[in-house]
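Survey of secondary and tertiary structure
Chain residues, written in single-letter form:
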Amino acid sequence: MTKEELINLCNKWAKIIKVNPKEIRIRKSKKWWGFCTSDGIITFNQALLKLPVEYAEYVVVHELLHLITPNHGRLFETLLFTYLPNWEQLEASLDSFATEEILC
């Protein structure tokens with residue numbers, strides 16, 4: 001996946017979820033796959049570009065949902081299940097990529 005494809009994926013999901021990120025960034029990190037600031041800036045780890053698209057899609061949806069709810073509470077999980085019913089499997093597998101030094 002290219003940076004442009006990741007940004008396009010984010011824009012596609014933003015329309016589906018009906019949110020509007022202020023800015024989308026792609027940066028290198030050893031600690032996180034993505035994060036969303038309180039002012040609507042979403043940053044993705046460039047390591048996502050190396051992963052299968054379904055994992056990037058999970059991270060995109062996860063971060064976009066933080067524009068609706070800032071925490072990982074009941075509403076957040078309900079929304080994740082609504083948009084990605086298999087999110088728990090994706091999250092568990094994504095954690096295994098981190099241990100395979102993809103983040104390094």
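Residues numbered from 1 in each chain as written. Predicted model: local features only at pLDDT ≥ 70, side-chain atom pairs only at ≥ 80, totals over all residues. Heavy atoms only, no water.

**Comments concerning the sheet that holds strand S1 (residues 23-27)**
Filter applied, for reference: DSSP-based pairing: two strands are paired if at least 2 bridges between them are found. Elements are defined by DSSP. Helices are runs of H or I of four residues or more, strands are runs of E of two residues or more, and each kind is numbered from the N terminus. Working convention: axes come from line fits to C-alpha atoms, limited for helices to the stretch in contact. Angles between N-to-C directions cover 0 to 180 degrees. Here, residues are in contact when the closest pair of their heavy atoms is within 4.5 Å.
The sheet built from three strands is open, its strands ordered S1-S3-S2 with mixed pairing. Pairing within the sheet leaves two strands with one partner each, and these edge strands are S1 and strand S2 (34-36). Strand-to-strand, the axes of this sheet are offset by a mean angle of 15 degrees, without reference to chain direction. Sheet topology places S1 next to strand S3 (residues 41-45); five bridges connect them, and they run parallel. Along S3, the bridge assignment pairs Arg25 with Thr43. Sheet strands touched by helix H1 (residues 3-17): S1 and S3. Its angle to S1, the strand with the most contacts, is close to 145 degrees. Lying over the sheet, helix H2 (residues 53-65) contacts S2 and S3, oriented at roughly 155 degrees with respect to S3.

**Here's the deal with the nonpolar core**
Basically, it comes down to this: Side-chain atoms within 4.5 Å are what join buried Ala, Val, Leu, Ile, Met, Phe, Trp, Tyr and Cys residues into a set we call a nonpolar core. To sort residues, take the accessible area from a 1.4 Å probe on protein chains only and compare it with the maximum for the residue type: under 20% means buried, over 50% means exposed, and anything in between is partly exposed.
Judged by nonpolar contacts, the single largest core of 31 residues is most densely connected at Trp13, Trp33, Phe44, Tyr58, Val60, Leu64 and Leu94. Looking at this core, the elements that each hand over two or more residues are H1, S3, H2, helix H3 (74-83) and helix H4 (87-99). When residues of this core are assigned to their parent elements, the largest contribution, eight residues, is made by H2. In this structure Trp13 touches Glu57, Val60, Val61, Leu64, Tyr83 and Leu84, once residues within four positions along its chain are discounted.

**A look at the side chain of Thr43**
Positionally, Thr43 belongs in strand S3. Not counting residues up to four positions away in its chain, the partners in contact with Thr43 are Arg25, Arg27, Trp32, Trp33, Gly34 and Phe35.

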